[in-house]
2 protein chains.
Amino acid sequence: MTERRPRKDAARNRAAVFAAADALFAECQSPQSVTMADIAAAAGVGKATLFRAFGDRTGLIRALYEARLEPIRNAVEEGPPPLGPGTPPPVRVPALLDAVLCFKLDNRHLALALEGTGADSPYRTEHYERWHTLLRELLEQIPGPADADFTAHALLAATRADLVAYLADERGAPRDELRDRLASFTATVLGTGARQ
Amino acid sequence: MTERRPRKDAARNRAAVFAAADALFAECQSPQSVTMADIAAAAGVGKATLFRAFGDRTGLIRALYEARLEPIRNAVEEGPPPLGPGTPPPVRVPALLDAVLCFKLDNRHLALALEGTGADSPYRTEHYERWHTLLRELLEQIPGPADADFTAHALLAATRADLVAYLADERGAPRDELRDRLASFTATVLGTGARQ
DNA sequence: ATCAAAGCGGACCGCCGGTCCGCATTGTAT
DNA sequence: ATACAATGCGGACCGGCGGTCCGCTTTGAT
């Protein structure tokens, strides 16, 4: 069972495609307006190379998204508190949601592009499953809202990329204000928030 | 200022298109797989008629969505309690969210088709603005969560069509269970919920 | 009955995601 | 160094969809 290593040019092209796609999605307004031919041209690569490496448009965007997501995923799975394991749930839940929010803010072009494919519901992806399961398990360890499963869905829904992008771009909410508002909402849901 | 009445055949065709589109979106799995030519054929109408009447694909879906939404909108704006005005906010807020949820459940094919256009963020639509403003104003009259604006966004996010469709179809949650879970979450956020 | 104008519809266009096949690059075995 | 598979490359090509155009039909007012 010999795992064949990819050729040098293949690896180089893959990296070039990632860089080009990231840049194009970042600077263009609507993700729809970035075509596969655009990405190929910007990466200095033939169109077929894109499809061979990633299958289809959705595959390319997904691969890029997952690559950018990996650091956060690592920090959550094996990093230090307050994000990593071993943190008390009432602390870890807000930390986790804050991390998700920041990621969505920093990578909204990618998140919007990913949902914009229209191909698959964002809820059937593997990474959503991961976030939801972790959050649900943490919520179950906190005396508070009874329905941990739905609460986890609802909290994650408050960090949806298009909502975040709307508040940040259309309504001009600064980053830290959004973080505060989400933290405050989370506290309310957990029952640890101040009531007026 | 004489408002020109549309011709008889124009009105008939418009109705036929609505019916055909509704049926097609309801029976097809992915809204993407319903093409404009399909709708035109099913309605017994030329393709150009669709575009003349509705501008483009998004316009057609939006018109259909708004038409189906109108009864609920009416019930909220001038109907009897608990949905209509004159209801105490702590009662009206859950009623409103329940109505939204039921609408999204009954018309998820349309809601998904509308978002699937990818053209415009669901947050820049006029009807979202309406729901959000009303909900925010009601929340401001309830002693509870401080940030009425964000809370309104978060509560509406919990009724997003793709989340609802995922829970109902993929996870097989029955209608009344979903309504209960959303009601319970709403109660938690409002501070009127039972804590375990 | 007449006739303009409003409306209709199928042929047509441009664009985009995705595929194909002849050619260049790579790594290896001699 | 050299020859040679095999792996990968890329531009030409295809099918299909959203959207437009123009000659024809329907409508309803005179």
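The structure under discussion appears in the preceding block.
Each value, and the rule that gives it
- Residues numbered from 1 in each chain as written.
- Chains lettered and ligands numbered in written order.
- Predicted model: local features only at pLDDT ≥ 70, side-chain atom pairs only at ≥ 80, totals over all residues.
- Heavy atoms only, no water.
- Helix = DSSP H or I, 4+ residues; strand = E, 2+ residues; numbered from the N terminus.
- Buried < 20%, exposed > 50% of the residue type's maximum accessible area, 1.4 Å probe, protein only.
- Contact = heavy atoms within 4.5 Å.
- Buried area = accessible area lost by both parts, 1.4 Å probe.
- Salt bridge = Lys/Arg side-chain N within 4 Å of Asp/Glu carboxyl O.
- Polar contact = N/O pair within 3.5 Å; in protein donor to acceptor, adjacent residues only side chain to side chain.
- Nonpolar A, V, L, I, M, F, W, Y, C, P; charged D, E, K, R; others polar.
- Near = heavy atom within 4 Å.

Section: the overall build of chain A
Each helix and strand in chain A was counted, giving 10 helices and 0 strands. The linear arrangement of helices and strands in chain A, starting from the amino end, is α-α-α-α-α-α-α-α-α-α. Projected onto its principal axes, the C-alpha positions of chain A cover 60 × 50 × 25 Å. Counting the 196 residues in chain A, one finds 47% classified as buried.

Let's talk about the interface of chain B and chain A
How big an interface is tends to be stated in terms of accessible area lost as the parts join. Each partner contributes residues to the interface: chain B has 37 residues there, and chain A has 37 residues. Taken over both partners, the interface formed by chain B and chain A buries close to 3400 Å², and the fraction arising from carbon and sulfur atoms is 56%. At the boundary of chain B and chain A, one finds 10 salt bridges. The salt bridge involving B:Arg171 is made with A:Asp149; its shortest N-O contact spans 3.2 Å. Between the two partners, chain B and chain A, sit 10 residue pairs in polar contact (both at pLDDT 80 or more). Its residues assigned to classes, the side of chain B that touches chain A comprises 17 nonpolar, 10 polar and 10 charged.

Examining the protein's contact with DNA strand D
Around DNA strand D, 20 residues are found, and the nearest of them are A:Arg7, A:Ala48, A:Arg52, B:Lys47 and B:Arg57. Between DNA strand D and B:Met36 there is a distance of 3.0 Å, counted from a phosphate oxygen to a backbone nitrogen or oxygen. Going through the elements one at a time, helix 1 (8-27) and helix 3 (47-54) of chain A together with helix 1 (8-27) and helix 3 (47-54) of chain B are the ones with two or more residues in the surface near DNA strand D. Of the residues contributing to the surface near DNA strand D, the split by class is 6 nonpolar, 4 polar and 10 charged.

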